[in-house]
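Structural overview for review
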Amino acid sequence: MQVIKYVFQPHGDERAQLVVFEEQKDIPFAIKRVYFMYDTAQGVVRGKHAHKNLEQILVCIHGSCKVLLDNGKERKIVPLEKPYEGLYVANDMWREMFDFAPGTVLMVFASEYYDETDYIRNYDEFLKFVEEKAK
Ligand code: TYD
């Protein structure tokens, strides 16, 4: 499984670091939606779903977490620890976010508007979905 991690170049000087996300440039798709999670409780696992048609870039703009990626055949755990790195998550990829450090803010750039019918929240359904796609 190929893990695609983007490293955004911070524009830094003695005052601060500044990170920019422009669609079709830093982010490899047109951004229709941005959301973030904060106040994540200790020990929680978020995500636990895949999408039929949605690309995302996950950025821990504060703190850190780990992301489990599962394509139905292989699993990888990717740490997100820097505010200038982004993890690309394709549509047909089961994802779980966990191990949130206290105060973490996880920001997500998404290629589509929110659509509950695009979610696959059942793992067996996800396996069927990727098997069908591979045929
Ligand atoms: P959910 O997708 O389950 O969170 P996670 O990233 O952990 O999988 O979303 C949590 C709640 O927020 C759920 O009630 C749906 C709502 N929600 C929206 O209304 N719009 C959105 O863009 C997102 C991502 C979630």
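Okay, so let's go over this structure.

Conventions and cut-offs
- Residues numbered from 1 in each chain as written.
- Predicted model: local features only at pLDDT ≥ 70, side-chain atom pairs only at ≥ 80, totals over all residues.
- Heavy atoms only, no water.
- Helix = DSSP H or I, 4+ residues; strand = E, 2+ residues; numbered from the N terminus.
- Rg over C-alpha atoms; globule rule 2.2 N^0.38 Å.
- Buried < 20%, exposed > 50% of the residue type's maximum accessible area, 1.4 Å probe, protein only.
- Contact = heavy atoms within 4.5 Å.
- Areas by Shrake-Rupley, 256 points an atom, 1.4 Å probe, with all protein chains shown as cover.
- Pairing = 2+ DSSP bridges.
- Salt bridge = Lys/Arg side-chain N within 4 Å of Asp/Glu carboxyl O.

As a further point, take the overall build of the protein chain. When its secondary structure is counted, the protein chain shows 1 helix and 10 strands. Overall, the protein chain shows an N-to-C arrangement of helices and strands of β-β-β-β-β-β-β-β-β-β-α. Against the globule reference of 14 Å for 135 residues, the protein chain gives a C-alpha radius of gyration of 15 Å, in line with a compact fold. Summarising its shape, the C-alpha atoms of the protein chain cover approximately 55 × 35 × 25 Å along the three principal directions. Of all 135 residues assigned to the protein chain, the portion counted as buried reaches 36%. Partitioning the intrachain contacts of the protein chain with sequence separation of at least 6 by distance along the chain shows that 78% fall at a separation of at least 24. As displayed, the protein chain offers around 8100 Å² of accessible surface, 49% of which is attributable to carbon and sulfur atoms.

Among the 6 residues that make up strand E5 (residues 65-70), 5 are buried, leaving the element largely enclosed by the rest of the structure. Alignment of E5 against strand E6 (residues 75-80), held across 6 bridges, turns out to be antiparallel. Each bridged residue has a counterpart across the sheet, and for Cys65 the counterpart in E6 is Leu80. Two successive antiparallel strands, E5 and E6, enclose a turn made up of 4 residues, where Gly72 displays a positive phi of approximately 100 degrees. Here 5 bridges tie E5 to strand E8 (residues 94-98), and the two strands are oriented antiparallel to one another. Bridge pairing in E8 places Asp70 opposite Trp94.

Pairing of side chains with opposite charge becomes possible as their charged atoms draw close. Evaluated as defined, the whole model comprises 9 salt bridges. A salt bridge links Glu85 to Lys5, with the nearest nitrogen and oxygen atoms 3.4 Å apart. A residue pair is termed long-range when its members are at least 10 positions apart, and Glu85 in strand E7 (residues 85-89) and Lys5 in strand E1 (residues 5-7) qualify at 80 residues. Here Glu116 makes a salt bridge to Arg121, at a shortest N to O gap of 2.8 Å.

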